[in-house]
Amino acid sequence: MTKVFGIVGWSGSGKTDIVCRLIDYYRKKNICVSSVKHTHHNFDIDKKGKDSFKQMISGSNEVVIYNEKKWAMVSALQKKKIKLEEILDKFSKKTEIILVEGLKTSKFPKIEVYYSKIKKPLLFPNDKNIKAVVSDKITKDLDSCKIPKLEFCNTKTIGDFIINYFRNEK
């Protein structure tokens, strides 16, 4: 079964940086990793005038752009909310770990990324699904933190923490 682990934190905290470093770290360890980037913003990934765009505006619910080496699926704007589980089911069966960036209130295990200069409240005190905090420095707010505190720049420690979390959860 694919393991799902979240990387959460306030905007500007460094989530994308950590996710990209973790992807590279796992790839070098021959672990098949995939990722989900959640956004609150409206977005388009298809270009006006392209055949796939024409198929979408003609009414296709989903369009797959494909060649023998790469593919992408674009969905039409849906009337009902799409659950994360529906998206996770679309990943290849060979995927071993899925990193989800964002979705602060999700119920799967997560690491909080905390950047002291942002001056936002820590999330972990109110979220039992946060299993560790990654920070740029230990602040007074983190002094009494009972969950593991990891260094922002230490990709190996963060990556190994996630792997060990899955090993120990059995």
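I will try to describe carefully the structure that is included in this document. Everything numeric in this text was worked out from a predicted model, so none of it was measured.

Ranked by internal contacts, the top residues of the largest apolar core, which has 22 residues, are Ile7, Ile18, Leu22, Tyr26, Leu99, Ile111 and Ile162. Residue assignment for this core shows that the elements contributing at least two residues are β1 (3–8), α1 (15–28), β5 (97–101), β6 (110–114), β7 (130–135) and α5 (155–168). For Ile111, the contacting residues outside a window of four places in its chain are Phe5, Gly6, Ile7, Val8, Ala132, Val134, Leu150, Ile158, Phe161 and Ile162. Among the nonpolar cores identified, the runner-up in size contains nine residues, and Val8, Val133, Leu142 and Cys145 belong to it.

A separate point is the side chain of Lys15. Assignment of secondary structure puts Lys15 in helix α1. In this structure Lys15 is buried but unpaired, with Glu101 as the nearest side chain of opposite charge at 4.9 Å. Among the polar contacts made by the side chain of Lys15, one reaches the main-chain carbonyl oxygen of Trp10 at a distance of 3.3 Å. Contact partners of Lys15, with chain neighbours within four places excluded, come to Ile7, Val8, Gly9, Trp10, Glu101 and Val113.

Attention shifts here to the pattern of salt bridges. Pairing is possible between side chains that carry opposite charge, provided their charged atoms lie close to one another. Summed over the entire model, instances satisfying the criterion amount to eight salt bridges. Glu169 is the partner of Lys3 in a salt bridge, and the nearest nitrogen-oxygen pair spans 3.9 Å. Of this pair, Lys3 sits in strand β1 while Glu169 sits in the segment after α5, and the two are 166 residues apart along the sequence. Residue class for Lys3 comes out partly exposed when judged on its relative accessible area of 22%. For Asp17, the salt bridge is made with Arg21, and the minimal N-O distance between the two is 3.5 Å. One end of the pair is Asp17 and the other is Arg21, both in helix α1 and four residues apart, which spans about a single turn. For Asp17, a relative accessible area of 36% puts it in the partly exposed group. The structure contains a network of salt bridges with shared partners spanning Asp24, Arg27 and Lys28.

Rules used throughout
- Residues numbered from 1 in each chain as written.
- Predicted model: local features only at pLDDT ≥ 70, side-chain atom pairs only at ≥ 80, totals over all residues.
- Heavy atoms only, no water.
- Core = buried A, V, L, I, M, F, W, Y, C linked by side-chain atoms within 4.5 Å.
- Buried < 20%, exposed > 50% of the residue type's maximum accessible area, 1.4 Å probe, protein only.
- Helix = DSSP H or I, 4+ residues; strand = E, 2+ residues; numbered from the N terminus.
- Contact = heavy atoms within 4.5 Å.
- Lys, Arg positive; Asp, Glu negative; His and termini not counted.
- Salt bridge = Lys/Arg side-chain N within 4 Å of Asp/Glu carboxyl O.
- Polar contact = N/O pair within 3.5 Å; in protein donor to acceptor, adjacent residues only side chain to side chain.

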